[in-house]
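Next come the chains, spelled out residue by residue.
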Amino acid sequence: MISPTRAVYEVARKEVMEHFRTKRMYIIGGLYALTFLAAAIIVPVVSRGRDLSPDESITQVLSFYNIFGGAVFTSLLALVFTADAICGEWKDRSLFLLFSKPVPRWTVLAGKVVAAFASVLLVMVTVFTLALAVMLVLLGLPEAATFGQIARGFGVFALAVIPFVAFGTLCTAVFKSPLTSFIVAMGMRFVGFSLLSTLGFFVVLFTAEDVSFQDLGNNALLKFFSLLNPSNLMSVGASLMISNQAQAEGGFGLGFALDIPTTLLAILFHSFVYFTIAFLIVGRRDYA
C-alpha cells in the first residue's frame, strides 16, 4: 500500500496532465490571456500623449484588466476543473477503479483539489508574467515599491481562488450529475454569491434607524455579508495590485475597505467549510 502523500501526488500529477489536454482549459485560459494582454496593449495606446509615469500606466493596465474579466476567468477555471472531478468519473464509472485502489478516498479527492489549484495557478502565473513583460517593454520600468505592491496583491488574488476550488469540490461531492454540478457552481458564482452579499444591504435597510447611504460603506454588518461572496475576496487582491488599500465590492456598488488579515481569514473560512463538507460526503457516500 502506497503512502497517502504519494497517492495524493500521483492523482494530482495525472489530473494536471488531464487538465492541460482539455479544450475548456485552452478556451477559458486563452480568453484570460487575451484580456490581460489586450489591456497591456490598449491602455498605453489610449493613454498616449498624457505623459503618464510607468507606475501610473501599469496601474491603469491592471485596473482595466480587473474590470474586464480578470477575476471572472480565474474563478471560472477553478470551478470548471473541480465541478465534475468526482461526479464526472462517477457517471463514467471510472470512479470505481479509483476507489478500488488500496488508498483512502480522501487522498483521491485531495489529489484532484491540489491539481485544480495548481493548474489555475500555473495559468495565472504564466499569463501574468507574459503580460507584465509586455507592460515593461511598452511602458517602462516602474519603481521597486510598485513591484512589491503588485506581488502582494497578486498573492492575495491567487489565494482567493481557493474558495472557488473548494466550492467546485463541494458541488462535485454533493451532486451525481456533472451538469447539475456545473449549473449550481456557475449559478452561485455569477448570481447566488452576489445575492448573498447583497442581502446585508436589505438587513441593514430594514433594521437600522437613521442610517445614511454615505454611512453604509463603514457598516460592519454589510462588510460581513460582503465577505460571504468569494468574488469580493478576489477584488481585495485586485485592488491591492493598484493601490495600498484592500477594497471589496459590496451590494449596490458599495466599496468596503478591508485589511489583509480579515480577507485571509475569510478565504480560510470559505475553504474550510466547503472542503470539510465535501470530504465528509466523499468519504461516506456509497458509490455503488
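Here, the structure is the one placed above.
Definitions and limits used
- Residues numbered from 1 in each chain as written.
- Predicted model: local features only at pLDDT ≥ 70, side-chain atom pairs only at ≥ 80, totals over all residues.
- Heavy atoms only, no water.
- Helix = DSSP H or I, 4+ residues; strand = E, 2+ residues; numbered from the N terminus.
- Buried < 20%, exposed > 50% of the residue type's maximum accessible area, 1.4 Å probe, protein only.
- Axes fitted to C-alpha atoms, helices over the stretch in contact; angles between N-to-C directions.
- Parallel < 35°, antiparallel > 145°, perpendicular 65-115°, else oblique.
- Left-handed = near helix turned anticlockwise from the far one by under 90°.
- Contact = heavy atoms within 4.5 Å.
- Core = buried A, V, L, I, M, F, W, Y, C linked by side-chain atoms within 4.5 Å.
- Salt bridge = Lys/Arg side-chain N within 4 Å of Asp/Glu carboxyl O.
- Nonpolar A, V, L, I, M, F, W, Y, C, P; charged D, E, K, R; others polar.
- Patch = residues over 30% accessible without salt bridge, like charges linked within 9 Å, V, L, I, M, F, W, Y side chains within 5 Å.
- Areas by Shrake-Rupley, 256 points an atom, 1.4 Å probe, with all protein chains shown as cover.
- Phe/Tyr/Trp six-rings, centres within 6.5 Å; stacked < 30°, edge-to-face > 60°.

Caption draft 1: Summary view of the overall build of the protein chain. Counting secondary structure elements, the protein chain contains 13 helices and two strands. Scored against the burial criterion, the 288 residues of the protein chain give a buried share of 49%.

Caption draft 2: Fine view of the packing of helix H7 (residues 105–139) against helix H8 (residues 144–159). One way to put it is that H7 packs onto H8 with a least axis distance of 12 Å and a crossing angle of 155°. Taken together, the axes of H7 and H8 are roughly antiparallel relative to one another. For H7 against H8, the interelement crossing comes out right-handed. Here Phe-117, Leu-121, Met-124, Val-125, Phe-128, Leu-132 and Leu-136 of H7 lie close against H8, whose contacting residues are Phe-147, Ile-150, Phe-154, Phe-157 and Ala-158.

Caption draft 3: Summary view of the environment of Ala-78. In this fold, Ala-78 is placed in helix H4 (residues 70–82). Sequence-wise, Ala-78 and Ala-166 are 88 residues apart; in three dimensions their C-alpha atoms are separated by 8.7 Å. Setting aside anything within four residues of it in sequence, one finds Ala-78 in contact with Val-120, Val-161, Phe-164 and Val-165.

Caption draft 4: Representation of the environment of Leu-258 within the structure. Tracing the sequence through the fold places Leu-258 in strand E2 (residues 255–258). A C-alpha to C-alpha distance of 7.5 Å links Leu-258 and Val-236, two positions 22 residues apart in sequence.

Caption draft 5: Structural detail: the nonpolar core. Core analysis: the largest hydrophobic core is formed by 60 residues, its most contacted members being Tyr-32, Phe-36, Leu-62, Met-124, Met-135 and Phe-157. No other element matches the 11 residues that H7 contributes to this core. In this structure, Met-124 is in contact with Tyr-32, Thr-74, Phe-154, Phe-157, Ala-158 and Val-161, ignoring residues within four places of it in sequence. Core analysis: the second largest hydrophobic core is formed by 13 residues, Ala-7, Ile-86, Val-103 and Ala-173 among them.

Caption draft 6: Structural context of the pattern of salt bridges. The full count for this structure, using the stated rule, is seven salt bridges. Here Arg-13 and Glu-10 are joined by a salt bridge, their closest N and O atoms 2.9 Å apart. One end of the pair is Arg-13 and the other is Glu-10, both in helix H1 (residues 4–19) and three residues apart, which spans about a single turn. When its relative accessible area of 24% is taken as the criterion, Glu-10 is described as partly exposed. For Glu-18, the salt bridge identified is with Arg-21, shortest N-O distance 3.1 Å. According to the relative accessible area criterion, Arg-21 is exposed, its value standing at 55%.

Caption draft 7: Examining the packing of H7 against helix H9 (residues 162–174) more closely. Between H7 and H9, the shortest axis-to-axis distance is 10 Å and the interhelical angle comes to 140°. Classed by the angle they form, the pair H7 and H9 counts as oblique. When the axes of H7 and H9 are compared, the crossing they make is right-handed. The residues of H9 that touch H7, namely those facing Leu-109, Val-113, Ala-116 and Phe-117, are Ile-162, Val-165 and Thr-169. Looking at the contact of H7 with H9 residue by residue, the classes come out as six nonpolar, one polar and no charged.

Caption draft 8: Here's a closer look at a nonpolar patch on the surface. On the surface, a nonpolar cluster with roughly 570 Å² of combined accessible area is contributed by Ile-41, Ile-42, Val-45, Val-46, Val-137 and Leu-138. In this structure, Ile-41 sits in helix H2 (residues 23–46).

Caption draft 9: The packing of aromatic side chains, seen in detail. Throughout the structure, instances matching the rule amount to six aromatic pairs. Ring plane angle 65° and centroid distance 5.2 Å describe the contact between Phe-36 and Phe-128, whose orientation is recorded as edge-to-face. Separated by 92 residues along the polypeptide, Phe-36 in helix H2 and Phe-128 in helix H7 bring together distant segments of the chain. The burial state of Phe-36 is the same as that of Phe-128; both residues are buried. Ring centres 6.3 Å apart and planes at 70° place the aromatic pair Phe-275 and Phe-279 in the edge-to-face group. Of the two residues, Phe-275 and Phe-279 both sit in helix H13 (residues 260–284), four residues apart, roughly one turn of that helix.

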